Amino acid sequence: METLLKILAELRPDVDFEENKELVDSGELDSFDIVSLVGELCEAYEIEIGAEDIIPENFNSVEAIMALVVKLQED
Amino acid sequence: MIKKMIDGQAFWQEIAKRLSTGQRTNFFFSEEDALLLVQKEKISRWDFNGGVYFFLKEEKFYKLYYFLDKEKNPEVLPTLTEPIILEEVLLASKERIPSKDSWEKAGLKPYLERKRMYLMAKNIIPEERSIAFASENMLEDIFYLMNESFEPFSSALPTKDELLRDILNQKVLVSLQNQKLLGFLHFGEMKQGSMLWHIAVMPQARGLGVGEGLVKDWIFAQKDVKKFLLWVRTDNPPALGMYEKFGFLPDGRVAPVMIKTT
């Protein structure tokens, strides 16, 4: 989780990731953020994120992002 | 060889695959937008060892979107019938990869740079203002001033029809004197807030606070907006100074633009 928070803080220092549970739906994370984040996550956690996983639900909160990472690590 | 993309789904699958394998890119369209671009036959591709270039056809230029393997330097660009524009959105705090030098070796030249700034609505002290929205009969004047004031390659200028639609939707504010146009401000709503797209003042009215008044109008015209956003050219100190005075802060994003002329 710490790694993820660090990645997110570097990507968007102006966003409160612990509070916001609608990061994509509220527009805080835009498509540029998602693309950057996918690259960073793949590198940091040595996972592959497929097209089917690049959906708002997987990026709306820190918990959702972490759940995606854990799921892909287990696959 | 340059080939046109015809299968939107295959295009999106390929994009996701390239993202997941850690290729570097400046591609940041959503799935919906990516499918639409292919459907409109606006995307061509050029494959090479270690990556691909996608060219998005605009009216007078091509926008370049790249995917490159991690260690791969940009390939020398082909010469197309119109200029090629590379625009990236980067984090100012991070090293630019591929570097500006490596893009210059590929045939591009630095063109301009913008940075993004934001202002939280909660930090604004309300002020009553009388606000003037543009009307349909100002379309020609606003369109002319817009095209005279902005560079043509990376300013995302609307077509006349799009501008008319935004005028009718009260997305264009004007500053008038004796019914004559002094300046306008064109904005739009995005999920995260209100975005200032274009602001321009007639040459003879510059330095009189017209721009400042329009920015105030924009901020005070909207009651339910949490955040105000804009991109400003980093080589425009008067504009930067004005936005800083209003309390706008950089959010760490910069967007350098490079060009390959024909």
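Residues numbered from 1 in each chain as written. Chains lettered and ligands numbered in written order. Predicted model: local features only at pLDDT ≥ 70, side-chain atom pairs only at ≥ 80, totals over all residues.

### So, the overall build of chain A
Piece 1. Each helix and strand in chain A was counted, giving three helices and zero strands.
Piece 2. Listing the helices and strands of chain A from first to last along the sequence gives α-α-α.
Piece 3. For chain A, the proportion of its 75 residues judged to be buried stands at 28%.
Piece 4. Taking the intrachain contacts of chain A between residues at least 6 apart in sequence as the baseline, contacts between residues at least 24 apart amount to 57%. (Helix = DSSP H or I, 4+ residues; strand = E, 2+ residues; numbered from the N terminus. Buried ≥ 20, exposed ≤ 12 C-beta atoms within 10 Å, placed from the backbone. Contact = placed C-beta atoms within 7 Å.)

### Quick look at the domain arrangement of chain B
All names here are of chain B.
Piece 1. One can read the domain layout of chain B as domain 1 (2-112) and domain 2 (121-254).
Piece 2. The gap between the C-alpha centroids of domain 1 and domain 2 is 30 Å.
Piece 3. Taken together, the contacts link 11 residues of domain 1 with eight residues of domain 2.
Piece 4. Its residues placed into classes, the side of domain 1 that touches domain 2 shows eight nonpolar, one polar and two charged. (Domains from an automatic or database assignment. Nonpolar A, V, L, I, M, F, W, Y, C, P; charged D, E, K, R; others polar.)

### Some words on the interface of chain B and chain A
Piece 1. Tallying the contact residues gives 18 residues for chain B and 18 residues for chain A.
Piece 2. If you list the elements that add at least two residues to the side of chain B that touches chain A, you get α1 (8-20) and β13 (249-260) of chain B.
Piece 3. Considering every element that reaches the side of chain B that touches chain A, the biggest residue donor is α1(B), with five residues.
Piece 4. In terms of residue class, the side of chain B that touches chain A is built from eight nonpolar, eight polar and two charged.

### Here we look at the confidence of the model for chain B
Residues and elements named next belong to chain B.
Piece 1. Predicted confidence across chain B gives a mean pLDDT of 93, with 100% of residues reaching 70 or more.
Piece 2. When mean pLDDT is compared element by element in chain B, helix α5 (residues 160-168) scores highest at 98, while strand β7 (residues 90-91) scores lowest at 86.
Piece 3. In the predicted assembly, ipTM is 0.71 and pTM is 0.88. (pLDDT = per-residue confidence, 0-100.)

### Observations regarding the packing of α1(B) against helix α2 (residues 31-39) of chain B
Residues and elements named next belong to chain B.
Piece 1. Orientation of α1 relative to α2, taken along the N-to-C sense of each, is 135 degrees, at an axis distance of 9 Å. By the criterion of interaxial angle, the relationship of α1 to α2 is oblique. For the crossing formed where α1 meets α2, the hand is right-handed. Contacts between α1 and α2 involve Gly 8, Phe 11, Trp 12 and Ile 15 from the first element and Glu 31, Ala 34, Leu 35, Val 38 and Gln 39 from the second. (Axes fitted to C-alpha atoms, helices over the stretch in contact; angles between N-to-C directions. Parallel < 35°, antiparallel > 145°, perpendicular 65-115°, else oblique. Left-handed = near helix turned anticlockwise from the far one by under 90°.)

### Considering the pairing of strand β11 (residues 193-201) of chain B
Across a regular strand the side chains alternate sides, sitting on one face of the sheet and then on the other.
All names here are of chain B.
Piece 1. Summarising the sheet, strand β10 (residues 180-190) and β11 pair through eight bridges and their orientation is antiparallel. Across the sheet, residue Glu 189 finds its bridge partner in β11, namely Ser 194.
Piece 2. Taking the residues between adjacent antiparallel strands as the criterion, β10 and β11 are bridged by two residues.
Piece 3. Pairing analysis gives three bridges linking β11 to strand β12 (residues 227-233), with the strands arranged parallel. Residue Met 195 lies in a different strand from β12, and its bridge partner there is Leu 229. (Pairing = 2+ DSSP bridges.)

### Side note on the nonpolar core
All names here are of chain B.
Piece 1. Formed by 30 residues in total, the largest nonpolar core has its most connected members in Ile 142, Leu 173, Phe 184, Leu 185 and Trp 218.
Piece 2. For this core, the secondary-structure elements that each account for two or more residues are β8 (109-120), α4 (139-149), α5, β9 (172-177), β10, β11, α6 (210-221) and β12.
Piece 3. Residue contacts for Leu 173: discarding those within four places in its chain leaves Ile 131, Ala 132, Phe 133, Ala 134, Phe 184, Leu 185, Leu 214, Asp 217, Trp 218 and Ala 221. (Core = buried A, V, L, I, M, F, W, Y, C linked by C-beta atoms within 7 Å.)

### Points about the confidence of the model for chain A
Piece 1. In the predicted model, chain A carries a mean pLDDT of 88, and 100% of its residues have values of at least 70.
Piece 2. Averaged over each element, pLDDT in chain A is lowest for helix α2 (residues 31-45) of chain A (87) and highest for helix α3 (residues 62-74) of chain A (94).

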